[in-house]
Amino acid sequence: MLKNPDQGWQACFFRLRQFAEASEAIKVTRQSLFVPEESKAEFYRLAEETQKALGIQVLGKYEELGKTLVQKFKHTRQQMAAGSNLKEFCLANAVENLVEDPELAMAKPAFGIVLDGLQQGLSKEDMEEKARRQVIPFCKDLLRNLYEAWLYYGIVAALKPARFYGVYSPDTIDMQAVETDKIVAGFQAASPERRMPEAIFVTEDGRVFAMKSEVAEELDFYGERPGRCRDLSAGGNTVDQIAHRVLLLYRMESVEKVPLLANREKRYILPNDMMCEFLLPEEMERPLPAAMFEKRIRTVRSRRPVQVLTWNEKGTFPAGFLQDSSMVPQVLVKRTIVGMDEGKLRDICGILQDA
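None of the values given here were measured: they were computed from a predicted structure.

Calculation rules
- Residues numbered from 1 in each chain as written.
- Predicted model: local features only at pLDDT ≥ 70, side-chain atom pairs only at ≥ 80, totals over all residues.
- Heavy atoms only, no water.
- Pairing = 2+ DSSP bridges.
- Helix = DSSP H or I, 4+ residues; strand = E, 2+ residues; numbered from the N terminus.
- Phe/Tyr/Trp six-rings, centres within 6.5 Å; stacked < 30°, edge-to-face > 60°.
- Buried < 20%, exposed > 50% of the residue type's maximum accessible area, 1.4 Å probe, protein only.
- Polar contact = N/O pair within 3.5 Å; in protein donor to acceptor, adjacent residues only side chain to side chain.
- Contact = heavy atoms within 4.5 Å.
- Axes fitted to C-alpha atoms, helices over the stretch in contact; angles between N-to-C directions.

With that out of the way, let us pick up the sheet that holds strand β7 (residues 194–195). With antiparallel pairing, 3 strands are arranged side by side in an open sheet as β7-β11-β12. At either end of the open sheet lies a strand with only one pairing partner, and these are β7 and β12 (268–269). Sheet topology note: the strand β11 (residues 262–263)/β12 ladder contains 2 bridges and is antiparallel. Within the sheet, the bridge partner assigned to Ala-262 lies in β12 and is Ile-269.

What follows covers the packing of aromatic side chains. Overall, the coordinates contain 12 aromatic pairs when judged by the stated rule. Aromatic side chains Phe-89 and Tyr-153 sit 4.6 Å apart centroid to centroid with 65° between the ring planes, which places their arrangement in the edge-to-face category. Of this pair, Phe-89 sits in strand β3 (residues 88–90) while Tyr-153 is found in helix α7 (residues 124–158), placing the two residues 64 residues apart along the sequence. Note on Phe-89: relative accessible area 2%, which makes it buried. A relative accessible area of 3% places Tyr-153 in the buried class.

Right, let's get into the side chain of Asp-273. Structurally, Asp-273 is set in the loop between β12 and β13 (274–278). The class for Asp-273 is buried, based on a relative accessible area of 5%. At 2.7 Å, the side chain of Asp-273 forms a polar contact with the backbone nitrogen of Arg-251. Within the structure, the side chain of Asp-273 is placed 2.9 Å from the side chain of Arg-304, a separation counted as a polar contact. With sequence-adjacent residues up to four places away left out, Asp-273 is seen in contact with Leu-249, Tyr-250, Arg-251, Ser-302, Arg-303, Arg-304 and Leu-352.

Overall, mixed pairing links the 8 strands, which are arranged β5-β4-β8-β9-β10-β13-β14-β15 in an open sheet. Each of the sheet's edge strands pairs with one partner strand only, and the pair in question is β5 (176–179) and β15 (333–337). Averaged over all pairs of adjacent strands, the angle between strand axes in this sheet comes to 30°, irrespective of strand direction. Here strand β10 (residues 245–252) pairs with β13 via 4 bridges, running antiparallel. Its bridge partner lying in β13, Leu-248 is registered against Met-275. With respect to the sheet, α7 is in contact with β4 (161–168), β8 (199–203), β9 (208–215), β10, β13 and β14 (306–310), its orientation differing from that of β13 by roughly 155°. Each of β13, β14 and β15 is contacted by helix α10 (residues 287–300), which is oriented at about 165° to β13, the strand it contacts most.

Shown next as structure tokens:
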């Protein structure tokens, strides 16, 4: 059991335990926890304070990285809205929580650890070890999602969108662009076989693009017909999923002609004008992830080199990657080491100058 500490998360936990022990109405046992209505606000305020402090204790470098990414993404979202009709651009709820309160969101798994510590009388070492095992992997997934959002929508922002449209489909067959000031990443009317854009935008120079923020694993289904057995595809609608994503951009003739991106039943896939995917070093070097990436880019077919974005110079593709001469047309890949350099995202837009 923790004694009275002077600082850090242990001091927060000590105040929580003191509060619980001082109230006859709060019942804490190894099997149950009861907090009366009149005590809930203060009890959970102290629990949340401890949760944050414990999370910060184990997160180390990820805490500062998370806060930096939050500011980067906020700036990018402001750029997307600047000069356009956009008022809201929404990511998955967990990522939005990260943007709203980085410390609390990154430390989310620590809440259960705090309550376990209170009920089970866990030691300081046990609580910190649990936090390292649970908080850090959770935080890394969350930060990857936010980093990808900064990368992908930084590219969209660099195209200088002047007007956004949603895509409405009453029956998943007919589609039309509709006036909207809110875009939700990953949204479409769910369909077993048809894939549609989540948004349309018109740039300052009058070009029109459709965009799709697709979960990477979903691209595996694009080239496969829906089966009679259980189909694990999300049906094109991946709203609120915390998952590795890919950005697909398609040049359109006009807002009136919303393109169908794929029809699994007919084995139809519209080639994209730009595909961007962030990869970790191990996703480039390990044979299975590299093979899955190769399958994706051969399936969706980009008219221009696929843009592979990386945090730093670490990671190389296996020998012989993309060298199958029997594949026509040949797929080209261009790697850009981005880190936190927003200028690199603007440079990537250069490949769309002729689009």
